[in-house]
Amino acid sequence: MTDQTPSGIQTHVPNAARMYDYYLGGKDNFPADREAAEKALSFVPEIRHSVRANRAFLGRAVDFLTRRGIRQFIDIGAGLPTQNNVHQVVAPDARVVYVDNDTTVLVHGRAILGKHENVSIVEGDVRRPREILEHPEVRAAIDFGRPVAVLLLAILHFIPDEEKPERIVAELREALPSGSYLALSHVAIDARPEAAEGVTDVYRRSSSPFVARTGTEIARLLDGVSLVEPGLVNLPEWRPEPGTVVPYQGIGDYFLGAVGHVGG
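Residues numbered from 1 in each chain as written. Predicted model: local features only at pLDDT ≥ 70, side-chain atom pairs only at ≥ 80, totals over all residues. Heavy atoms only, no water.

Below, the discussion takes up the side chain of D21. Within the element layout of this structure, D21 appears in helix α1 (residues 16–23). For the buried residue D21, which engages in no salt bridge, the nearest side chain bearing the opposite charge is R55, 7.4 Å off. Within the structure, the side chain of D21 is placed 3.0 Å from the side chain of N29, a separation counted as a polar contact. (Helix = DSSP H or I, 4+ residues; strand = E, 2+ residues; numbered from the N terminus. Buried < 20%, exposed > 50% of the residue type's maximum accessible area, 1.4 Å probe, protein only. Lys, Arg positive; Asp, Glu negative; His and termini not counted. Salt bridge = Lys/Arg side-chain N within 4 Å of Asp/Glu carboxyl O. Polar contact = N/O pair within 3.5 Å; in protein donor to acceptor, adjacent residues only side chain to side chain.)

Structure follows, in structure tokens:
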């Protein structure tokens, strides 16, 4: 990141969004972020592969939804809007609202997007989903008389159990119009449970503490959502592009993902 740092950004505290950018090979990060990310990588070197798989899943999920006529997307816990994000993948006529409560994302994200047509970024907390859906800027951008896709990618593993992530998904599911969809991805610890404590400790010192969950616990978050095939699976196994060689089948990965019908 350049010296022209937008005001309001804390550079000395590791930031989860900027760490994610570092894993992706981006430049929107600071020394504190890189140091923390390298510590996490020392426990799970495959994190870089996993976050890239998550970004590829985003692209395939958005393409899937676009081909089903979805032209409205709300990306909650969006992170920095860089490197093949939603507005770079959707149809030209689609509307995208990025939602985050992280000052870094809001300040730097707005600088990145500028006055991008049909794209906005608003402040909101995933822990209060109804406030997001009723936000004036969200209401101005999104027509809730038509289907909407809500994206919860790599965000719920930052929500502790006591804040009831299953309630968050349920409130979103119940509030969306008929024909809507929800996409979710979440870190799973099934493959490397012994690494969970180390990674959790790294993120405990960052802007967003991390919560380790198993695949079974992640599946419970999707109760009431009608999953499209192939259901909740390792990210590379979710509707891979024709001809793609999936490096593993049916074993635990570090990210699981799914897309499902919600609303109505």
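Once you've had a look at it, read on.
Each pair of aromatic rings is reported with the distance of its centres and the angle of its planes. All chains considered together, the criterion is met by six aromatic pairs. A centroid spacing of 5.4 Å and a plane angle of 90 degrees characterise the contact between F57 and W238, whose relative ring orientation is edge-to-face. Placement of F57 in helix α3 (residues 47–67) and of W238 in the loop between β7 (233–234) and β8 (255–262) is noted, with a sequence separation of 181 residues between them. Note on W238: relative accessible area 0%, which makes it buried. Consider the rings of F64 and Y181, whose centres lie 6.2 Å apart with planes at 90 degrees: the pair is edge-to-face. Placement of the pair is F64 in helix α3 and Y181 in strand β5 (residues 180–187), with a sequence separation of 117 residues. (Phe/Tyr/Trp six-rings, centres within 6.5 Å; stacked < 30°, edge-to-face > 60°.)

Quick look at the nonpolar core now. Counting residues in each nonpolar core, the largest one holds 52 residues, and the members touching the most others are Y23, L65, F73, V86, Y203, W238 and V259. Ranked by residues supplied to this core, first place goes to α3 with nine residues. Leaving out residues up to four positions away in the same chain, W238 has contacts with F57, R60, A61, F64, V228, E229, P230, G231, V233, G257, A258 and V259. The next biggest cluster of nonpolar side chains, apart from the first, holds 32 residues, and it includes V97, V138, V150 and I155. (Core = buried A, V, L, I, M, F, W, Y, C linked by side-chain atoms within 4.5 Å. Contact = heavy atoms within 4.5 Å.)

Next up on the list: the pattern of salt bridges. As enumerated under the stated definition, the model contains 16 salt bridges in all. One salt bridge connects R48 with E38, and the closest N-O pair in it is separated by 3.5 Å. Highlighted residues: R48 in helix α3 and E38 in helix α2 (residues 31–43), separated in sequence by ten residues. Assessed through its relative accessible area of 28%, R48 is described here as partly exposed. Overall, E38 belongs to the partly exposed group, its relative accessible area being 37%. Look at the salt bridges and you will find they share partners, linking D125, R127, R128, E131 and E163 into a network.

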